Structures are given as structure tokens and as C-alpha cells.
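Secondary and tertiary structure notes
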2 protein chains.
Amino acid sequence: MIGRLNHVAIAVPDLTAAAALYRDTLGADVGPEQDEPDHGVTVVFITLPNTKIELLHPLGEGSPIAGFLEKNPSGGIHHICYEVEDIRAAAARLTASGARVLGTGEPKIGAHGKPVLFLHPKDFTGTLIELEEV
Amino acid sequence: MIGRLNHVAIAVPDLTAAAALYRDTLGADVGPEQDEPDHGVTVVFITLPNTKIELLHPLGEGSPIAGFLEKNPSGGIHHICYEVEDIRAAAARLTASGARVLGTGEPKIGAHGKPVLFLHPKDFTGTLIELEEV
């Protein structure tokens, strides 16, 4: 069911410093800062040859990553995203197996403009998993 | 400098259950359990179309992931591994920039039989990064 690893998302306390670290120290292909007000984050995409890293920083009130950064002030890996072909079929299969989809269980449009869902970390070895339909 | 994302490593408290979750619930290509006594872990490799997930479980006394699982009893993402062409050149560049390489600073032979290094999470946005020479 799951396909490619679409991205690894890392929450960071200082987006400019983290982007410079990946660009200058690690020598990666680092894009510009992009505000995603609908998702409460500012994002920097890092393009690797086979996948992406997304640096996330809170934007506005009630950002979904604000609590994570309070618990992890140095930053840390926030979630990983797997691609699926049919997100409603994936959600049905997962809920039938007893796994929990976060929120209403309905896909939302994610930061890439595609339908996404998040799965409960307690049902997936402590890992927050995003599924994205591609 | 960094190339492909070689793998995402997830420490899990129950390797058999985690492998079944990825095989049966997430429908991924899951390999057999492999003991790596030199590295203090038992590993299950999950092959995605563009990268790998490695499920890690402690093996023997003093496993390097035992403390992580004590702090994160449900499991969690332990590290991410980027590929580099020349690991000694990478280490020299990183230390010149003030970043810390863990241990002696010398590459060791990792679980895939290739030279690896680990970088200090405090210098890399709270993320434990492994570099592997390919």
C-alpha cells in the first residue's frame, strides 16, 4: 500500500539557521522560506536526489508544531510522509485494522495541494505518519 | 555534500509486531529480522521504492538504542542517514564548521558494511544524523 517516502519533516526553532546549516554545512539543495498560513507553518524544502526534507517552523497562533517545539526546544523529526495511490482506500484499510486516523478521519488538502491524512503515533511505533495521495 | 537519504531508522519495542504492522497494515515490502551483534541491534529492513526504513530493536547488553527506548517506550524515529561520497572529507568539512562528530570522529564500519559516522544532534536541529559513504 505505501509507496515512496515523500518527505521527512523536521521541526526547528530557527528556520534561517537550520536552512543555512543544510545549505552551507551539509551542502544540500535548500529552497526559500515559504509561509503556509493554512497549515500554521513556514516551510523550507530541501531537495535530495531521492526524497525531500521539510524544515518546519510555527507560523501564527495555534501552530500544529508549537507544542512539539515546546517539548523539543532544539527541534527534532516531527513526522514522515508516505505516498499512497488512493488515500480513501488507505484510510478504510487502516481503520478496518484498528489503526486510528487523526482528526475527522477525512483527508484534507496538505501543504503540497494534495489530499493528506495523519495516523496516530501510538498505533505506529511512536511515529507520526502522514499519508499523501499522489 | 549530502546525497540520497539512505534510510530512516525507527527504534521499536516489539520488532515482530512492528514488522507485521508495516507488512500487513501498511502493505510494505518487509524483510526478515537480522541480528547485528557488532552494533547491538536486531534490524528489519523495509524497502520502499526510493529509500529504506530500518526498524531497530536492542540486541544484547549496552545496545546503543536501549536508552532511547527507555525514554520513548512506544518507539520513535531514532536517526536519519544521508549518503556521502567521501566520509573523511565530509567529517573534515563538518568539524571545520564547528559541528561535532560523535565518538572518536573516525568512521566505523556500519550495519551495511560501509564507513559511517554519527553527528551530534545538538548541532543538527535535534536530529541524530548518520552519514554513510557509498
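Just so it is clear, the structure is predicted and the values come from calculations on it, not from any experiment.

The rules behind these values
Throughout, a residue's number is its position along its own chain's written sequence, starting from 1. Chain letters start at A and ligand numbers start at 1, both assigned in the order the entries are written. The model is predicted, so local features are restricted to residues of pLDDT at least 70 and side-chain atom pairs to those at 80 or more, both for listing and for counting; the totals for chains, interfaces and linings are taken over all residues. To obtain the side-chain values, all non-hydrogen atoms of the structure were included, while hydrogens and water were left out. Only runs of H or I of at least four residues qualify as helices and only runs of E of at least two qualify as strands under DSSP, and these elements are numbered from the N terminus. For the radius of gyration, the atom set is restricted to C-alpha positions; the globular benchmark scales as 2.2 Å times the number of residues to the power 0.38. Relative accessibility decides the category of a residue: with a 1.4 Å probe and only protein chains considered, values under 20% of the type maximum give buried, values over 50% give exposed, and everything between is partly exposed. The contact rule is simple, with two residues in contact once any of their heavy atoms fall within 4.5 Å. Computed with a 1.4 Å rolling probe, the buried area is the accessible surface lost when two parts are put together, summed over both parts. The rule for a salt bridge is simple: a side-chain nitrogen of Lys or Arg has to be within 4 Å of a carboxyl oxygen of Asp or Glu. Side-chain atoms alone can form a polar contact between residues adjacent in sequence; in general such a contact is a pair of N or O atoms within 3.5 Å, and within protein one must be able to donate a hydrogen while the other accepts it. Side-chain classes are defined by residue name, with Ala, Val, Leu, Ile, Met, Phe, Trp, Tyr, Cys and Pro counting as nonpolar, Asp, Glu, Lys and Arg as charged, and the others, Gly among them, as polar. Strands were regarded as paired on the criterion that DSSP finds at least two bridges between them. We superpose the copies by least squares over the C-alpha atoms of residues that have a pLDDT of at least 70 in both of them. Only rings of Phe, Tyr and Trp enter the pairing, Trp through its six-membered ring, and a pair is recorded when the two centres are within 6.5 Å. The plane angle decides the type: under 30 degrees is stacked, over 60 is edge-to-face, the rest tilted.

A few words on the overall build of chain A. Helices and strands together make up the secondary structure of chain A, namely three helices and eight strands. The C-alpha radius of gyration of chain A comes to 15 Å, within 12% of the 14 Å expected for a compact globule of 134 residues. Considered along the principal axes of its C-alpha atoms, chain A spans approximately 45 × 30 × 25 Å. Sorting the 134 residues of chain A into buried and exposed places 50% on the buried side. For chain A, contacts bridging at least 24 residues in sequence account for 53% of all contacts bridging at least 6.

Let us look at the interface of chain A and chain B. In this complex, chain A contributes 39 residues to the contact, which on the side of chain B involves 39 residues. In this assembly, chain A packs against chain B so that about 3,100 Å² is buried in total across both faces, 66% of it on carbon and sulfur atoms. Linking chain A with chain B are zero salt bridges. Counting every contact that joins chain A to chain B gives 17 residue pairs in polar contact (both at pLDDT 80 or more). Among the secondary structure elements, those contributing two or more residues to the side of chain A that touches chain B are β1 (5-11), α1 (15-25), β5 (76-84) and α3 (87-96) of chain A. It is α1(A) that provides the largest number of residues to the side of chain A that touches chain B, a total of six residues. Considered class by class, the residues forming the side of chain A that touches chain B number 22 nonpolar, 12 polar and five charged.

All right, on to the sheet that holds strand β6 (residues 108-109) of chain B then. With respect to topology, eight strands assemble into an open sheet ordered β2-β3-β4-β1-β5-β8-β7-β6 (chain B), the strand pairing being mixed. Taken across any chain shown, the strands that pair with only one partner, and hence form the sheet edges, are β2 (29-36) and β6 of chain B.

Attention now moves to the relation of the copies chain A and chain B. In the superposition of chain A on chain B (RMSD 0.0 Å, axial shift 0.0 Å), the rotation amounts to 180 degrees. In short, the pair behaves as if placed about a two-fold rotation axis. Among all residues of chain A, the minimum C-alpha distance to the rotation axis is found for A:Asn50, at 3.0 Å. A symmetric contact is evident, with 100% of the interface residues of chain A recurring at the interface of chain B.

What follows is about the packing of aromatic side chains. Aromatic ring pairs are defined here through the distance separating the ring centres and the angle between the ring planes. Enumeration according to the criterion identifies two aromatic pairs over all chains in this entry. Measuring from centroid to centroid gives 6.1 Å for A:Tyr22 and B:Tyr82, while their planes differ by 90 degrees, and the two rings are edge-to-face. Taken together, the positions of A:Tyr22 in helix α1 and B:Tyr82 in strand β5 (residues 76-84) put the pair across two chains.

In this section: the pattern of salt bridges. All names here are of chain B. A full pass over the atoms with the stated rule returns six salt bridges over all chains. Between Arg88 and Glu106 there is a salt bridge, with its nearest N and O atoms 2.9 Å apart. A residue pair is termed long-range when its members are at least 10 positions apart, and Arg88 in helix α3 (residues 87-96) and Glu106 in the loop between α3 and β6 qualify at 18 residues. Classification of Glu106 by relative accessible area gives partly exposed; the value is 44%.

The next thing to look at is the environment of B:Gly113. Its location among the elements puts B:Gly113 in the loop between β6 and β7 (115-119). On a C-alpha basis, the gap between B:Gly113 and B:Ile53 in space is 17 Å, while along the polypeptide they are 60 residues apart.

A word on the environment of B:Glu85. Residues and elements named next belong to chain B. Structurally, Glu85 is set in the loop between β5 and α3. Residue classification places Glu85 among the exposed residues on the basis of a relative accessible area of 73%. Along the backbone, Glu85 and Leu15 are 70 residues apart, and their C-alpha atoms lie at a distance of 32 Å. Apart from residues no more than four positions distant in its own chain, Glu85 is found in contact with Glu133 and Val134.

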